[in-house]
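Architecture at a glance
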2 protein chains.
Amino acid sequence: MEPKEQRFRFRRKEESGTTSGLCDNYLQANMITLPKEYAFDFLLFCIRNPRSCPLIDVIENGHVRPQVADADVRTDLPKYRIYKKGKLDGEVLDIVKEWSDDLVTFLIGCSFTFEKALVHAGIRLLHQEQNRVVPMFKTTIPCKKVGIFDGNMVVSMRALTESEIDKAIKITSRFETSHGAPIHIGDPAEIGIADIFKPDYGESINFDIKERIPVFWACGVTPQNVCLNAKPELMISHAPGHMLITDKLEEIN
Amino acid sequence: MEPKEQRFRFRRKEESGTTSGLCDNYLQANMITLPKEYAFDFLLFCIRNPRSCPLIDVIENGHVRPQVADADVRTDLPKYRIYKKGKLDGEVLDIVKEWSDDLVTFLIGCSFTFEKALVHAGIRLLHQEQNRVVPMFKTTIPCKKVGIFDGNMVVSMRALTESEIDKAIKITSRFETSHGAPIHIGDPAEIGIADIFKPDYGESINFDIKERIPVFWACGVTPQNVCLNAKPELMISHAPGHMLITDKLEEIN
């Protein structure tokens with residue numbers, strides 16, 4: 001399905017699931033929406049933390065259309081999260097009611113963008129096979145602080161066999177605006193993850209830890225984690241795993 | 001002279017001239033300082049206009065030290081300009097008196113950075129030979145507007161012989177954070193310049209228009225030009241040609 005058609009299905013609420021595996025080859029994006037008073041600090045936070053927050057697009061206050069997609073960010077994602085003062089206030093299928101002309105929206109690269117290339121190279125993606133949202137974890141890797149935005153990186157995890165890992169590094173390092181190469185490979189405890197089967201976001205994946213090694217990529221859910229500390233009055237984001245599908249084809253180096 | 005020593009000479013007001021030709025190989029930067037209320041729009045303006053405003057560093061409100069130099073931006077440039085509501089209010093040798101914790105500072109790449117490489121390749125730079133500030137011109141090339149920041153590009157001009165131009169293109173296109181390749185070559189009227197001997201900033205250079213062709217680069221004075229339209233309550237910048245010399249060596253691709 002073409003991105004525009006897929007987005008219309010979300011807009012009409014005919015679908016509201018994860019976008020992993022949808023619209024192959026098109027760039028997918030995390031969304032963060034904040035009142036303008038926080039916009040400078042957050043934009044600088046993205047610039048200073050490009051691994052977790054690679055900027056794809058910024059939509060100024062008073063606008064709803066990105067440059068990367070003929071879309072309305074208020075309706076064209078499958079699912080959104082509303083945070084108030086750093087607390088999750090609810091999950092909704094559109095944010096028309098919450099919208100105001102004071103809001104600035106940031107689109108940030110997403111690892112879903114490179115999944116097609118991994119599958120194409122013969123790498124098995126268990127979360128797709130098990131039809132689950134990719135598991136995501138809070139870590140102890142600190143971000144560079146800007147203003148109120150301060151906190152640790154969130155990572156997405158894919159469990160790969162040893163022979164798949166080399167290929168995965170080579171492939172993903174070319175996707176600079178989609179988090180690039182893995183940030184960590186192996187022992188989850190080293191980056192502060194206590195239980196690989198209890199993700200903080202997304203869903204747990206079944207795999208044999210004797211056969212597969214967890215591989216971690218910086219994740220665009222990081223700003224949602226940072227927001228729990230920063231406690232801005234209002235923050236709206238995509239629901240983890242439920243991205244904006246853009247009209248832009250993947251860019252690889 | 002090393003950058004730090006040179007900056008101390010400016011700080012102690014022992015020198016206040018153009019930085020063209022000083023501290024070879026070190027990145028030089030344009031400076032723009034604005035109250036925080038304008039900072040988001042201006043940061044986005046830089047991101048959307050990378051040819052004229054390649055970002056090198058952002059110094060948040062409450063801070064005076066860049067990451068790229070062990071410097072104090074209030075004292076370590078040779079000369080500053082104060083703009084109030086878009087009008088030049090004065091030229092000063094430091095901005096200690098004007099400083100407040102609400103100010104955000106942007107450092108933007110400068111074509112002085114690649115001049116050493118041009119001279120090294122045997123290209124004559126007449127403004128250095130004639131000991132003048134490089135001539136800069138307002139053009140009719142529009143920038144991408146963000147909020148109140150809207151206006152045309154400013155360019156710096158170097159008059160080269162035909163055989164020098166190819167070399168100059170090749171060399172400067174590698175300096176991405178210092179404006180890169182020329183934006184225009186030849187007829188000044190095509191980009192709205194009426195008289196090549198009457199620059200809007202800097203000083204006029206003597207050359208024979210039958211022997212040399214004007215070559216134009218996007219210029220970090222563009223934000224000062226855009227400011228004349230935007231009319232922020234306060235804006236402080238380096239005086240054209242009087243840059244921050246950083247501790248960072250030139251980065252070339």
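Reading the values: rules and limits
- Residues numbered from 1 in each chain as written.
- Chains lettered and ligands numbered in written order.
- Predicted model: local features only at pLDDT ≥ 70, side-chain atom pairs only at ≥ 80, totals over all residues.
- Heavy atoms only, no water.
- Least-squares fit on C-alpha atoms with pLDDT ≥ 70 in both.
- Contact = heavy atoms within 4.5 Å.
- Phe/Tyr/Trp six-rings, centres within 6.5 Å; stacked < 30°, edge-to-face > 60°.
- Helix = DSSP H or I, 4+ residues; strand = E, 2+ residues; numbered from the N terminus.
- Buried < 20%, exposed > 50% of the residue type's maximum accessible area, 1.4 Å probe, protein only.
- 1 Å grid on protein atoms, 1.4 Å probe; cavity = no way out; pocket = protein on both sides within 12 Å on 5 of 7 lines; lining within 4 Å.
- Points joined across faces, edges and corners; volume = space filled by probe spheres on them.
- Nonpolar A, V, L, I, M, F, W, Y, C, P; charged D, E, K, R; others polar.
- Axes fitted to C-alpha atoms, helices over the stretch in contact; angles between N-to-C directions.
- Parallel < 35°, antiparallel > 145°, perpendicular 65-115°, else oblique.
- Left-handed = near helix turned anticlockwise from the far one by under 90°.
- Salt bridge = Lys/Arg side-chain N within 4 Å of Asp/Glu carboxyl O.
- Core = buried A, V, L, I, M, F, W, Y, C linked by side-chain atoms within 4.5 Å.
- Domains from an automatic or database assignment.
- Buried area = accessible area lost by both parts, 1.4 Å probe.

**A short note on the relation of the copies chain B and chain A**
- For these two chains of identical sequence, chain B goes onto chain A by a turn of 180 degrees and a shift of 0.0 Å along the axis, with RMSD 0.0 Å. The two molecules are tied by a two-fold rotation axis, judged by turn and shift. No C-alpha of chain B lies nearer the rotation axis than that of phenylalanine 40 of chain B, which sits 2.1 Å from it.
- Looking at chain B, 100% of its interface residues are interface residues in chain A too, so the copies touch through the same face.

**Quick notes on the packing of aromatic side chains**
- For the coordinates displayed, the defined rule picks out 18 aromatic pairs over all chains.
- Taking the centre distance of 6.1 Å and the plane angle of 20 degrees together, the rings of phenylalanine 42 of chain B and phenylalanine 45 of chain B count as stacked. Placement of the pair is phenylalanine 42 of chain B and phenylalanine 45 of chain B together in helix 2 (residues 39-48), with a separation of 3 residues, close to one helical turn. The same class applies to phenylalanine 42 of chain B and to phenylalanine 45 of chain B, which are both buried.
- Each residue in the set Phe40 of chain A together with Phe42, Phe45, Phe106 and Phe149 of chain B is aromatic and connected to the rest through ring pairs, giving one cluster.

**Points about the layout of surface pockets**
- Within this model, the largest pocket holds a volume of roughly 1100 Å³.
- Around the largest pocket sit 33 residues that line it, and Ile47 and Pro50 of chain A together with Ile47, Leu55 and Thr177 of chain B are the ones nearest its centre.
- Put simply, the second largest pocket is a space of about 270 Å³.
- Taken together, Leu55, Ile56, Asp57, Val58, Gln67 and Val68 of chain A together with Leu44, Ile47, Arg48 and Lys144 of chain B make up the full set of residues lining the second largest pocket.
- Among the elements of the structure, strand 2 (55-59) of chain A together with helix 2 of chain B are those that each provide at least two residues to the lining of the second largest pocket.
- For the lining of the second largest pocket, the element with the most residues is strand 2 of chain A, which contributes 4 residues.
- Residues belonging to the lining of the second largest pocket are distributed by class as follows: 6 nonpolar, 1 polar and 3 charged.

**So, the packing of helix 3 (residues 112-120) of chain B against helix 5 (residues 162-172) of chain B**
All names here are of chain B.
- Two numbers describe how helix 3 lies on helix 5: the axes approach to 10 Å, and their chain directions differ by 135 degrees. By the angle class used here, helix 3 and helix 5 are oblique. The two elements helix 3 and helix 5 cross, and the hand of that crossing is right-handed. On helix 5, the residues that touch Phe114, Ala117 and Leu118 of helix 3 are Ala168, Ile171 and Thr172.

**Topic: the pattern of salt bridges**
Residues and elements named next belong to chain B.
- What the rule picks out here adds up to 32 salt bridges over all chains.
- We note a salt bridge from aspartate 76 to arginine 11, for which the minimum N-O separation is 2.7 Å. Separated by 65 residues along the polypeptide, aspartate 76 in the loop between strand 2 (55-59) and strand 3 (80-84) and arginine 11 in helix 1 (residues 3-11) bring together distant segments of the chain.
- Residue classification places arginine 11 among the partly exposed residues on the basis of a relative accessible area of 29%.
- A salt bridge links glutamate 91 to arginine 81; the shortest N-O distance between them is 2.9 Å.

**Remarks on the nonpolar core**
- Counting residues in each nonpolar core, the largest one holds 72 residues, and the members touching the most others are Phe40, Phe42 and Phe106 of chain A together with Phe40, Phe42 and Phe106 of chain B.
- Beyond its immediate sequence surroundings of up to four residues, phenylalanine 40 of chain A is in contact with Lys36, Ala39, Phe40, Leu43, Val58, Asn61, Val104 and Phe106 of chain B.

**Comments concerning the domain arrangement of chain A**
All names here are of chain A.
- As assigned here, chain A comprises domain 1 (3-111 + 230-249) and domain 2 (114-218).
- A C-alpha centroid distance of 21 Å is found between domain 1 and domain 2.
- Contact with domain 1, which involves 27 residues of that partner, is made by 27 residues of domain 2.
- Between domain 1 and domain 2 lies a buried interface of about 2300 Å² when both sides are counted; carbon and sulfur atoms form 61% of it.
- On inspection of domain 1 and its partner domain 2, the count reaches 0 salt bridges.

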